[in-house]
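Architecture at a glance
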Amino acid sequence: MKFDVFCEIQRAFPWGDGQDEASLFRETIAQAKAAEAAGFETWWQVEHHGAPQFIYSSAPEIILTAIAMATERLRIGHAGVLAPFNINSPLRVAERGATLDVLSGGRFELGLAKSGGKEWETFGVNPETARDQVRDAMHMIPRMWTEAEFSWDSPDYKVPPREVVPKPVQQPHPRLWQTCGSPESFFMAGEMGVGALGTTLLSPVAFLGQMLCEHYRGMTACTSPAGKFVNREKGCFTFVHLAESRDKAIANGASWSALWYVNAAPVVFKVPRSVWYDMIKAGLHPNAARDTAALQALDPNETQIKDDDPEVVRVLKRMAVGETISNEEAQEVLEVLDCVVIGDPDHCVGKIKGYEAIGADRMMCMMQYGSIPPEAVLRSLDLAGRHLRPAFAGAAAERVA
(Lines give C-alpha, C1' and ligand atoms only; values in the text may rest on other atoms or scores of the structure.)
Protein backbone atom coordinates (compact mmCIF):
# COMPACT_ATOMS: atom_id res chain seq x y z
CA MET A 1 0.00 0.00 0.00
CA LYS A 2 1.28 3.45 -0.95
CA PHE A 3 0.69 6.51 1.21
CA ASP A 4 -0.28 9.84 -0.34
CA VAL A 5 -1.45 13.21 0.99
CA PHE A 6 -4.76 14.81 -0.06
CA CYS A 7 -4.95 18.58 0.43
CA GLU A 8 -7.70 21.17 0.10
CA ILE A 9 -5.86 24.18 1.62
CA GLN A 10 -8.34 24.68 4.40
CA ARG A 11 -8.98 26.92 7.39
CA ALA A 12 -11.99 26.38 9.64
CA PHE A 13 -12.10 29.81 11.27
CA PRO A 14 -11.59 33.45 10.27
CA TRP A 15 -7.98 34.57 10.27
CA GLY A 16 -6.27 35.05 13.62
CA ASP A 17 -3.23 37.10 14.57
CA GLY A 18 -0.48 36.71 11.99
CA GLN A 19 -2.71 34.62 9.72
CA ASP A 20 -3.89 35.43 6.22
CA GLU A 21 -4.26 33.70 2.88
CA ALA A 22 -0.52 33.97 2.21
CA SER A 23 0.33 32.23 5.50
CA LEU A 24 -2.05 29.39 4.61
CA PHE A 25 -0.26 28.83 1.30
CA ARG A 26 3.12 28.93 3.03
CA GLU A 27 1.92 26.30 5.49
CA THR A 28 0.76 24.10 2.61
CA ILE A 29 4.12 24.21 0.85
CA ALA A 30 5.90 23.47 4.15
CA GLN A 31 3.63 20.45 4.62
CA ALA A 32 4.42 19.21 1.12
CA LYS A 33 8.12 19.38 1.92
CA ALA A 34 7.46 17.46 5.13
CA ALA A 35 5.46 14.86 3.20
CA GLU A 36 8.39 14.27 0.87
CA ALA A 37 10.77 13.96 3.82
CA ALA A 38 8.41 11.44 5.44
CA GLY A 39 8.38 9.29 2.30
CA PHE A 40 4.87 9.95 1.00
CA GLU A 41 4.35 9.02 -2.64
CA THR A 42 2.02 11.68 -4.10
CA TRP A 43 0.63 15.06 -3.09
CA TRP A 44 -2.96 15.36 -4.34
CA GLN A 45 -4.49 18.82 -4.73
CA VAL A 46 -8.22 19.27 -5.25
CA GLU A 47 -10.07 22.05 -7.12
CA HIS A 48 -13.06 24.01 -5.80
CA HIS A 49 -14.33 27.54 -6.25
CA GLY A 50 -16.17 30.20 -4.27
CA ALA A 51 -16.06 28.53 -0.85
CA PRO A 52 -13.83 30.57 1.50
CA GLN A 53 -15.40 28.89 4.52
CA PHE A 54 -14.08 25.55 3.25
CA ILE A 55 -11.25 25.64 0.70
CA TYR A 56 -8.62 27.90 -0.87
CA SER A 57 -7.54 25.54 -3.66
CA SER A 58 -9.15 27.36 -6.59
CA ALA A 59 -5.99 27.38 -8.72
CA PRO A 60 -4.46 23.97 -7.99
CA GLU A 61 -2.08 23.90 -10.95
CA ILE A 62 -0.32 26.98 -9.55
CA ILE A 63 0.11 25.62 -6.03
CA LEU A 64 1.18 22.26 -7.49
CA THR A 65 3.83 24.07 -9.54
CA ALA A 66 5.11 25.76 -6.38
CA ILE A 67 5.19 22.38 -4.62
CA ALA A 68 6.99 20.78 -7.58
CA MET A 69 9.63 23.51 -7.43
CA ALA A 70 10.07 22.97 -3.68
CA THR A 71 10.44 19.17 -3.85
CA GLU A 72 12.46 16.63 -5.79
CA ARG A 73 10.76 13.22 -5.49
CA LEU A 74 7.16 13.83 -4.39
CA ARG A 75 4.70 13.14 -7.20
CA ILE A 76 2.22 15.92 -8.04
CA GLY A 77 -1.43 14.90 -8.41
CA HIS A 78 -4.43 16.97 -9.45
CA ALA A 79 -7.54 15.22 -8.05
CA GLY A 80 -9.29 16.38 -9.73
CA VAL A 81 -9.66 18.84 -12.49
CA LEU A 82 -13.32 19.85 -12.67
CA ALA A 83 -13.93 18.43 -16.12
CA PRO A 84 -17.24 19.92 -17.39
CA PHE A 85 -16.20 22.04 -20.36
CA ASN A 86 -17.61 25.31 -18.99
CA ILE A 87 -15.20 25.01 -16.05
CA ASN A 88 -12.10 23.63 -17.77
CA SER A 89 -11.60 23.20 -21.49
CA PRO A 90 -9.93 19.81 -22.20
CA LEU A 91 -7.33 21.55 -24.37
CA ARG A 92 -6.34 23.85 -21.51
CA VAL A 93 -6.26 20.91 -19.09
CA ALA A 94 -3.87 19.08 -21.43
CA GLU A 95 -1.64 22.14 -21.83
CA ARG A 96 -1.46 22.92 -18.10
CA GLY A 97 -0.97 19.28 -17.14
CA ALA A 98 1.84 18.73 -19.64
CA THR A 99 3.53 21.95 -18.50
CA LEU A 100 3.38 20.78 -14.90
CA ASP A 101 4.79 17.40 -15.93
CA VAL A 102 7.72 19.15 -17.65
CA LEU A 103 8.40 21.48 -14.73
CA SER A 104 8.22 18.63 -12.20
CA GLY A 105 10.50 16.38 -14.22
CA GLY A 106 7.78 13.83 -14.98
CA ARG A 107 5.99 13.65 -11.61
CA PHE A 108 2.46 14.65 -12.65
CA GLU A 109 -0.74 12.60 -12.12
CA LEU A 110 -4.06 13.70 -13.67
CA GLY A 111 -7.48 13.09 -12.16
CA LEU A 112 -10.79 14.37 -13.51
CA ALA A 113 -13.93 15.11 -11.49
CA LYS A 114 -17.56 15.88 -12.33
CA SER A 115 -18.20 18.33 -9.45
CA GLY A 116 -21.74 19.63 -8.94
CA GLY A 117 -23.99 21.99 -7.01
CA LYS A 118 -22.61 25.47 -6.42
CA GLU A 119 -19.83 25.12 -8.98
CA TRP A 120 -22.21 24.03 -11.72
CA GLU A 121 -24.22 27.20 -11.02
CA THR A 122 -21.08 29.36 -10.99
CA PHE A 123 -19.90 28.18 -14.40
CA GLY A 124 -23.26 27.43 -16.03
CA VAL A 125 -22.74 23.67 -16.30
CA ASN A 126 -25.58 21.57 -17.70
CA PRO A 127 -26.07 18.65 -15.26
CA GLU A 128 -27.41 16.49 -18.08
CA THR A 129 -24.11 16.58 -19.99
CA ALA A 130 -21.56 16.77 -17.15
CA ARG A 131 -20.84 13.03 -16.90
CA ASP A 132 -20.49 12.64 -20.67
CA GLN A 133 -18.08 15.57 -20.75
CA VAL A 134 -15.90 13.91 -18.11
CA ARG A 135 -15.80 10.81 -20.31
CA ASP A 136 -14.98 12.79 -23.46
CA ALA A 137 -12.25 14.80 -21.70
CA MET A 138 -10.68 11.59 -20.41
CA HIS A 139 -10.43 10.30 -23.98
CA MET A 140 -9.30 13.61 -25.51
CA ILE A 141 -6.48 14.59 -23.17
CA PRO A 142 -4.16 11.57 -23.70
CA ARG A 143 -4.62 12.01 -27.45
CA MET A 144 -3.58 15.66 -27.14
CA TRP A 145 -0.50 14.53 -25.23
CA THR A 146 0.56 11.84 -27.70
CA GLU A 147 -0.61 12.87 -31.17
CA ALA A 148 1.29 15.30 -33.39
CA GLU A 149 -1.97 16.95 -34.38
CA PHE A 150 -5.31 16.73 -32.60
CA SER A 151 -8.87 17.51 -33.65
CA TRP A 152 -12.33 16.90 -32.18
CA ASP A 153 -15.83 17.50 -33.45
CA SER A 154 -18.83 16.87 -31.20
CA PRO A 155 -22.01 18.87 -30.47
CA ASP A 156 -20.55 20.53 -27.35
CA TYR A 157 -16.80 20.67 -28.13
CA LYS A 158 -14.97 21.42 -31.36
CA VAL A 159 -11.24 21.73 -31.99
CA PRO A 160 -9.88 22.15 -35.52
CA PRO A 161 -6.58 20.36 -36.27
CA ARG A 162 -4.04 21.79 -33.85
CA GLU A 163 -0.60 20.98 -32.46
CA VAL A 164 -0.97 20.81 -28.68
CA VAL A 165 2.18 21.79 -26.81
CA PRO A 166 4.04 21.10 -24.66
CA LYS A 167 4.11 17.33 -24.54
CA PRO A 168 4.55 15.62 -21.16
CA VAL A 169 7.86 14.15 -20.05
CA GLN A 170 6.31 10.84 -18.98
CA GLN A 171 5.87 8.34 -21.77
CA PRO A 172 3.43 7.64 -23.17
CA HIS A 173 1.71 10.10 -20.79
CA PRO A 174 0.96 10.69 -17.07
CA ARG A 175 -1.33 8.29 -15.24
CA LEU A 176 -5.06 8.98 -15.47
CA TRP A 177 -7.56 8.91 -12.58
CA GLN A 178 -11.20 9.72 -11.95
CA THR A 179 -12.55 11.11 -8.68
CA CYS A 180 -15.54 8.90 -7.82
CA GLY A 181 -18.43 9.14 -5.37
CA SER A 182 -21.11 6.80 -6.70
CA PRO A 183 -21.36 3.25 -8.07
CA GLU A 184 -21.85 4.66 -11.56
CA SER A 185 -18.68 6.76 -11.42
CA PHE A 186 -16.54 3.91 -10.06
CA PHE A 187 -17.80 1.65 -12.85
CA MET A 188 -17.20 4.38 -15.42
CA ALA A 189 -13.59 4.83 -14.27
CA GLY A 190 -12.96 1.12 -14.60
CA GLU A 191 -14.64 0.93 -17.98
CA MET A 192 -12.33 3.71 -19.23
CA GLY A 193 -9.28 1.94 -17.83
CA VAL A 194 -8.34 4.71 -15.40
CA GLY A 195 -7.65 4.63 -11.68
CA ALA A 196 -10.38 5.41 -9.15
CA LEU A 197 -10.04 7.93 -6.32
CA GLY A 198 -12.75 7.47 -3.68
CA THR A 199 -13.54 8.82 -0.24
CA THR A 200 -15.45 7.75 2.84
CA LEU A 201 -16.68 10.96 4.51
CA LEU A 202 -17.80 8.90 7.54
CA SER A 203 -19.35 6.09 5.49
CA PRO A 204 -18.18 2.57 6.43
CA VAL A 205 -15.06 1.11 4.86
CA ALA A 206 -17.23 -1.80 3.67
CA PHE A 207 -19.27 0.62 1.56
CA LEU A 208 -16.11 1.91 -0.07
CA GLY A 209 -15.13 -1.72 -0.65
CA GLN A 210 -18.36 -2.20 -2.60
CA MET A 211 -17.46 0.81 -4.73
CA LEU A 212 -14.01 -0.61 -5.42
CA CYS A 213 -15.74 -3.77 -6.64
CA GLU A 214 -17.66 -1.58 -9.10
CA HIS A 215 -14.32 -0.28 -10.36
CA TYR A 216 -13.12 -3.86 -10.86
CA ARG A 217 -16.36 -4.71 -12.63
CA GLY A 218 -15.83 -1.74 -14.93
CA MET A 219 -12.28 -2.89 -15.62
CA THR A 220 -13.57 -6.27 -16.82
CA ALA A 221 -15.78 -4.38 -19.30
CA CYS A 222 -12.94 -2.13 -20.51
CA THR A 223 -12.46 -2.74 -24.25
CA SER A 224 -11.11 0.66 -25.31
CA PRO A 225 -9.07 2.41 -22.58
CA ALA A 226 -9.09 6.20 -22.57
CA GLY A 227 -5.31 6.32 -22.40
CA LYS A 228 -2.46 4.38 -23.89
CA PHE A 229 -2.33 2.07 -20.87
CA VAL A 230 -4.66 0.87 -18.11
CA ASN A 231 -4.34 2.17 -14.55
CA ARG A 232 -5.87 -0.40 -12.19
CA GLU A 233 -5.00 1.35 -8.94
CA LYS A 234 -7.57 2.51 -6.40
CA GLY A 235 -6.95 5.34 -3.98
CA CYS A 236 -8.99 6.00 -0.82
CA PHE A 237 -9.27 9.38 0.88
CA THR A 238 -10.02 9.76 4.58
CA PHE A 239 -9.24 11.88 7.62
CA VAL A 240 -5.85 10.94 9.06
CA HIS A 241 -4.15 12.43 12.09
CA LEU A 242 -1.36 10.80 14.09
CA ALA A 243 -0.17 12.07 17.45
CA GLU A 244 2.09 10.64 20.15
CA SER A 245 -0.98 9.67 22.18
CA ARG A 246 -4.77 9.61 22.04
CA ASP A 247 -4.86 12.58 24.43
CA LYS A 248 -2.58 14.58 22.15
CA ALA A 249 -4.78 13.81 19.13
CA ILE A 250 -7.77 15.07 21.12
CA ALA A 251 -5.91 18.24 22.13
CA ASN A 252 -5.07 18.89 18.46
CA GLY A 253 -8.79 18.88 17.64
CA ALA A 254 -8.48 16.36 14.82
CA SER A 255 -11.82 14.62 15.35
CA TRP A 256 -13.62 17.91 15.96
CA SER A 257 -12.15 19.18 12.69
CA ALA A 258 -13.38 16.11 10.82
CA LEU A 259 -16.92 16.74 12.06
CA TRP A 260 -16.61 20.40 11.08
CA TYR A 261 -15.49 19.32 7.59
CA VAL A 262 -18.49 17.05 7.07
CA ASN A 263 -20.87 19.84 8.10
CA ALA A 264 -19.10 22.41 5.89
CA ALA A 265 -18.84 20.32 2.72
CA PRO A 266 -22.55 20.51 1.72
CA VAL A 267 -22.13 24.27 1.29
CA VAL A 268 -19.65 23.63 -1.53
CA PHE A 269 -21.85 21.09 -3.28
CA LYS A 270 -25.11 22.94 -2.48
CA VAL A 271 -26.69 19.82 -1.05
CA PRO A 272 -28.95 20.13 2.04
CA ARG A 273 -27.23 18.82 5.14
CA SER A 274 -30.24 16.59 5.72
CA VAL A 275 -29.27 14.68 2.58
CA TRP A 276 -25.77 14.08 3.90
CA TYR A 277 -27.07 13.04 7.31
CA ASP A 278 -29.51 10.56 5.78
CA MET A 279 -26.84 9.09 3.52
CA ILE A 280 -24.40 8.70 6.43
CA LYS A 281 -27.17 7.11 8.53
CA ALA A 282 -27.79 4.63 5.71
CA GLY A 283 -24.09 3.74 5.54
CA LEU A 284 -23.70 5.38 2.14
CA HIS A 285 -21.40 8.05 0.72
CA PRO A 286 -22.99 11.54 0.91
CA ASN A 287 -21.83 12.52 -2.58
CA ALA A 288 -23.75 9.58 -4.04
CA ALA A 289 -26.95 11.48 -3.28
CA ARG A 290 -26.11 13.98 -6.00
CA ASP A 291 -26.62 11.23 -8.56
CA THR A 292 -30.02 10.08 -7.31
CA ALA A 293 -33.53 11.29 -8.02
CA ALA A 294 -34.53 10.94 -4.38
CA LEU A 295 -33.17 14.27 -3.11
CA GLN A 296 -36.53 16.01 -2.91
CA ALA A 297 -38.09 13.10 -1.01
CA LEU A 298 -35.69 13.45 1.90
CA ASP A 299 -36.59 15.39 5.02
CA PRO A 300 -35.73 19.06 4.38
CA ASN A 301 -35.23 19.69 8.11
CA GLU A 302 -31.45 19.76 8.44
CA THR A 303 -31.05 19.52 12.20
CA GLN A 304 -33.97 17.71 13.84
CA ILE A 305 -32.61 14.73 15.77
CA LYS A 306 -34.54 11.54 15.06
CA ASP A 307 -34.87 8.46 17.22
CA ASP A 308 -32.97 6.28 14.75
CA ASP A 309 -30.08 8.71 14.20
CA PRO A 310 -26.71 7.13 15.01
CA GLU A 311 -24.54 9.02 17.47
CA VAL A 312 -22.33 10.57 14.79
CA VAL A 313 -25.36 12.07 13.01
CA ARG A 314 -26.71 13.39 16.32
CA VAL A 315 -23.41 15.13 17.03
CA LEU A 316 -23.25 16.56 13.49
CA LYS A 317 -26.75 18.02 13.88
CA ARG A 318 -25.92 19.50 17.27
CA MET A 319 -22.79 21.10 15.82
CA ALA A 320 -24.78 22.47 12.86
CA VAL A 321 -27.09 24.48 15.15
CA GLY A 322 -24.16 25.96 17.06
CA GLU A 323 -24.00 23.66 20.06
CA THR A 324 -20.51 23.31 21.48
CA ILE A 325 -18.98 19.89 20.82
CA SER A 326 -15.86 19.22 22.87
CA ASN A 327 -12.74 17.68 21.37
CA GLU A 328 -13.22 14.73 23.72
CA GLU A 329 -16.78 14.02 22.58
CA ALA A 330 -15.75 14.34 18.94
CA GLN A 331 -13.00 11.77 19.47
CA GLU A 332 -15.34 9.35 21.24
CA VAL A 333 -17.93 9.44 18.48
CA LEU A 334 -15.45 9.11 15.59
CA GLU A 335 -12.91 6.61 16.89
CA VAL A 336 -15.51 3.82 16.78
CA LEU A 337 -15.99 4.39 13.03
CA ASP A 338 -13.71 2.18 10.97
CA CYS A 339 -13.19 4.85 8.29
CA VAL A 340 -11.57 7.59 10.41
CA VAL A 341 -7.85 7.28 11.19
CA ILE A 342 -7.16 9.52 14.20
CA GLY A 343 -5.14 8.68 17.30
CA ASP A 344 -1.81 7.22 18.35
CA PRO A 345 0.30 5.30 15.78
CA ASP A 346 -0.79 1.80 16.85
CA HIS A 347 -4.47 2.77 16.70
CA CYS A 348 -4.01 4.29 13.25
CA VAL A 349 -2.17 1.25 11.88
CA GLY A 350 -5.12 -0.88 12.97
CA LYS A 351 -7.56 1.40 11.15
CA ILE A 352 -5.51 1.35 7.93
CA LYS A 353 -5.68 -2.45 7.90
CA GLY A 354 -9.39 -2.11 7.11
CA TYR A 355 -8.57 -0.22 3.92
CA GLU A 356 -5.94 -2.79 3.02
CA ALA A 357 -8.58 -5.52 3.42
CA ILE A 358 -10.89 -3.96 0.80
CA GLY A 359 -8.09 -3.79 -1.77
CA ALA A 360 -7.05 -0.14 -1.56
CA ASP A 361 -3.75 0.47 -3.33
CA ARG A 362 -3.20 3.97 -2.00
CA MET A 363 -4.19 5.79 1.19
CA MET A 364 -4.84 9.45 0.44
CA CYS A 365 -4.32 10.92 3.90
CA MET A 366 -6.04 14.23 4.52
CA MET A 367 -3.82 15.86 7.12
CA GLN A 368 -4.62 19.59 6.88
CA TYR A 369 -8.28 20.15 7.67
CA GLY A 370 -10.46 22.15 10.00
CA SER A 371 -8.62 23.83 12.87
CA ILE A 372 -5.68 21.42 13.39
CA PRO A 373 -2.63 23.58 14.22
CA PRO A 374 0.01 23.70 11.45
CA GLU A 375 2.69 22.30 13.73
CA ALA A 376 0.44 19.34 14.58
CA VAL A 377 -0.03 18.65 10.86
CA LEU A 378 3.75 18.55 10.38
CA ARG A 379 4.09 16.20 13.35
CA SER A 380 1.36 13.94 11.99
CA LEU A 381 3.14 13.72 8.63
CA ASP A 382 6.37 12.75 10.37
CA LEU A 383 4.69 10.11 12.55
CA ALA A 384 2.87 8.66 9.55
CA GLY A 385 6.15 8.33 7.70
CA ARG A 386 7.77 6.55 10.65
CA HIS A 387 4.86 4.26 11.58
CA LEU A 388 2.24 3.84 8.83
CA ARG A 389 4.45 3.39 5.79
CA PRO A 390 6.76 0.74 7.36
CA ALA A 391 3.76 -1.19 8.71
CA PHE A 392 2.42 -1.77 5.19
CA ALA A 393 5.62 -1.83 3.14
CA GLY A 394 5.78 -5.65 3.26
CA ALA A 395 2.26 -6.11 1.92
CA ALA A 396 2.97 -3.74 -0.94
CA ALA A 397 6.16 -5.58 -1.82
CA GLU A 398 4.34 -8.93 -1.83
CA ARG A 399 1.70 -7.55 -4.23
CA VAL A 400 4.40 -6.32 -6.61
CA ALA A 401 6.17 -9.70 -6.46
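To be clear, the structure that these remarks concern was listed above.
The shown structure was predicted, so the numbers you read here are calculated from the model rather than taken from an experiment.

1. Concerning the packing of aromatic side chains
Tallied over the entire structure, the rule returns eleven aromatic pairs. Ring geometry for Phe150 versus Trp152: centroids 6.4 Å apart, planes at 15°, classification stacked. The same class applies to Phe150 and to Trp152, which are both buried. An aromatic cluster of at least three residues, connected via ring pairs, comprises Phe6, Phe54, Phe237, Phe239, Trp260, Tyr261 and Tyr369.

2. Some remarks on the environment of Gly124
Mapping Gly124 onto the fold places it in the loop between α4 (117–123) and α5 (127–146). Through-space distance from the C-alpha of Gly124 to that of Asn86 is 6.7 Å; in sequence the pair is 38 residues apart.

3. Comments concerning the pattern of salt bridges
Side chains bearing opposite charge may pair, as long as their charged atoms lie close to each other. All chains considered together, the criterion is met by 24 salt bridges. Where Arg175 meets Glu233, a salt bridge forms, and the shortest distance between an N and an O atom there is 3.9 Å. In this pair, Arg175 is assigned in the loop between β6 (157–162) and β7 (176–179) and Glu233 in the loop between α7 (205–220) and β9 (234–242), connecting sequence segments 58 residues apart. Here Asp278 and Lys281 are joined by a salt bridge, their closest N and O atoms 3.9 Å apart.

4. Focus on the pairing of strand β3 (residues 75–82)
In terms of residue burial, β3 counts as a mostly covered element, since eight of its eight residues are buried. Here strand β2 (residues 42–45) runs beside β3; their pairing, made up of four bridges, is parallel. Bridge pairing in β3 links Trp44 to Gly77. Chirality of the crossover, the property in question, places the unit of β2, helix α2 (residues 60–70) and β3 among those that are right-handed. Inspection of the sheet shows β3 paired to strand β4 (residues 108–113) by five bridges, in the parallel sense. Across the sheet, the residue bridging to His78 is Leu110, located in β4. Taking the sense of rotation as the criterion, the β-α-β connection linking β3, helix α3 (residues 90–103) and β4 turns out right-handed.

Rules and cut-offs
Residues numbered from 1 in each chain as written. Predicted model: local features only at pLDDT ≥ 70, side-chain atom pairs only at ≥ 80, totals over all residues. Heavy atoms only, no water. Phe/Tyr/Trp six-rings, centres within 6.5 Å; stacked < 30°, edge-to-face > 60°. Buried < 20%, exposed > 50% of the residue type's maximum accessible area, 1.4 Å probe, protein only. Helix = DSSP H or I, 4+ residues; strand = E, 2+ residues; numbered from the N terminus. Salt bridge = Lys/Arg side-chain N within 4 Å of Asp/Glu carboxyl O. Pairing = 2+ DSSP bridges. Right-handed = clockwise from strand over helix to strand, strands pointing away.

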